[in-house]
Each structure stands twice: as structure tokens, then as C-alpha cells.
Amino acid sequence: MLSPEILEYYERGGEQLRLTAGTGRLEFLRTWDVLTRVLPPAPARIVDVGGATGVYARPLAEAGHTVRVIDPVPDHVAAADALPGVTAVLGDARALPEPDASADAVLLFGPLYHLPQRADRVAAWREAARVVRPGGVVIGAVISRFASLLDGVVKGYYAEPEFVSIVQGALDDGVHRNEGGQSRWFTSAYFHRPEEPAAEATEAGLTGTRTVAVEGPVWMTGTRLTEFLADERLTGIMLDMLRRVEDEPSLFGASSHLLTIARRPAP
């Protein structure tokens, strides 16, 4: 289900700590903020596709939801399955081991990164639409087409010629090819243009699509972001301001991640 370099990235713990500090912490807080506003009230049954070790499944279960994680990495499945209120199984986003209309909500937090072919991404959206109940919500996370371009400046990666060619490739066709497995850079992935995820969801039969910026440009502020995240009051202000502009299309390309929210049509 995953290419060797992608599987190796996750098997060596590529996602275990990423969302705990810095830009990853901002990504988590903003994503959680969106989830609290668009998910149905607890108790709901949520299928978390590509849910990794359960970084979102854990707080969702603690909030009273029943969560099913489906992931292609065995170590992820084992970790998520050990969480209270969470069950986990191996699976492919394009062929989910779930009955029709069996979930109140489906999360695609990961699969859309790693399906470079548009037909496969639409298949993942279509499977989510099949599994969610009529009227239920599907939320997909994608990486912005311009994330590595900006990350190269923020973290100084352009000093290495190999990274320059990776960025050039991502800008050309959306595919970030880290085939050498350089551990400091994200693994091979597909980076979406802002208009793409909504179009894919619509093609899969979902309706009412809405795309929001997760971090906006704030993720590029370096030590200032760290200072805000260390102060509960400042963090609250920052999250409120980002919420106010999350729908602003002019900020989509500056955000490292985007969320697209859609629904299965009700009868």
C-alpha cells in the first residue's frame, strides 16, 4: 500500500512526535479547533483513515466518540489499537474494510498525501463517502503545493542541492520526491494546489465542500511561534485570529496544510 521510502519513514517514527511542538503543535491545535466545530456531537462513530498512532483518535475517544483507525503501517495500528475507546486495523484508503453508511464522520488525515495519482485520491474520497452515513461529514487534510518551497527558506534546506531539485519537482507536478529518504525532509508525498481537494471530493460525490487554511503563514514565524505556544493566553489569541481568516483564499497557498470539509448528500 505504501512505497518503501514512505513505509520506512513511518516505521522509524516519523509521525510520533511531529505534532507535539513548534509548527506541528500549531497544526494539531488548528486541526482540533476545526474538528470541534464540524464533527457531530458525541457520541459519534468516527473512522480515522490514516490515523497513525492515534494522535487525533485519542482526544476524540476522550471526548466520548467511538473511533476506528485504519492505517497501512502495522506499528501505527498496534499503537492506536491500545488506546482506550479506539480500535485499529490495517487497511487501504481506496478500499476501506467498513460497511456502507456505518460512520457519522470519516477523517482522511494522511492518505491524500501519499496517493500521487488523482484517480487514487478520488477513490479515497469515494470510499469515505461510501462509509459515512447520508448527511455525514468527511474531512480531508492535504499539504499545500508550496509547503516545501517555503520550508526550504524557513529551515535553511536550500543549502543542499538535492532539496532544491525536490522543490522544483513539487512545483512542476505536485510530487515531492524524497526517494533518498533524507530524514530531515518529509517523505515522498503529493502536494495539492488549493483548489484540488474540493474538486476531488466533488468528483467523488460529496457536496457542500469548504476548504480552510490550517496554519496560514504563521507557521513560518520561527521562535516567535514558539513563544506564543508557550503562553496559553497568546496561543488563544493566535488561534482566534487564525479562525477568523481560515476561509480567506489569499492565504491558502501560504498555509502548510489545508482541510477540506464535505458531506455525503442526504436522501
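Refer to the structure presented above.
**Student:** Now, about the layout of surface pockets: what can you tell me, with residues and values included?
**Tutor:** The computed volume of the largest pocket comes to approximately 530 Å³. Contributing to the lining of the largest pocket are 25 residues, with Y9, R18, D151, K155 and F186 lying nearest its centre. Those elements that place two or more of their residues in the lining of the largest pocket are α2 (22-38) and α6 (147-154). For the lining of the largest pocket, the residue count by class is 10 nonpolar, 8 polar and 7 charged.

**Student:** Lay out the nonpolar core with the relevant residues and their values.
**Tutor:** Ranked by size, the top nonpolar core spans 47 residues in total, and within it L39, L107, F109, I139, F186 and L259 carry the most contacts. For this core, the leading source of residues is α2, giving 6 residues. Dropping the residues within four chain positions of it, F109 is found in contact with T31, L35, V49, G50, Y56, I139, A141 and L259. In terms of nonpolar packing, the next biggest core, distinct from the first, is built from 26 residues, A103, L115, A128 and A262 among them.

**Student:** Give a detailed account of the packing of helix α5 (residues 118-131) against helix α8 (residues 196-203), specifying residues and quantitative values.
**Tutor:** At a minimum axis separation of 8 Å, α5 and α8 run at an interaxial angle of 60 degrees. When the interaxial angle is binned, α5 and α8 end up oblique. Note that α5 runs across α8; the crossing there is right-handed. From α5, R118, R121, V122, W125 and R126 reach across to α8, where they touch E196, P197, A199, E200, A201 and E203.

Reading the values: the criteria
Residues numbered from 1 in each chain as written. Predicted model: local features only at pLDDT ≥ 70, side-chain atom pairs only at ≥ 80, totals over all residues. Heavy atoms only, no water. 1 Å grid on protein atoms, 1.4 Å probe; cavity = no way out; pocket = protein on both sides within 12 Å on 5 of 7 lines; lining within 4 Å. Points joined across faces, edges and corners; volume = space filled by probe spheres on them. Helix = DSSP H or I, 4+ residues; strand = E, 2+ residues; numbered from the N terminus. Nonpolar A, V, L, I, M, F, W, Y, C, P; charged D, E, K, R; others polar. Core = buried A, V, L, I, M, F, W, Y, C linked by side-chain atoms within 4.5 Å. Buried < 20%, exposed > 50% of the residue type's maximum accessible area, 1.4 Å probe, protein only. Contact = heavy atoms within 4.5 Å. Axes fitted to C-alpha atoms, helices over the stretch in contact; angles between N-to-C directions. Parallel < 35°, antiparallel > 145°, perpendicular 65-115°, else oblique. Left-handed = near helix turned anticlockwise from the far one by under 90°.

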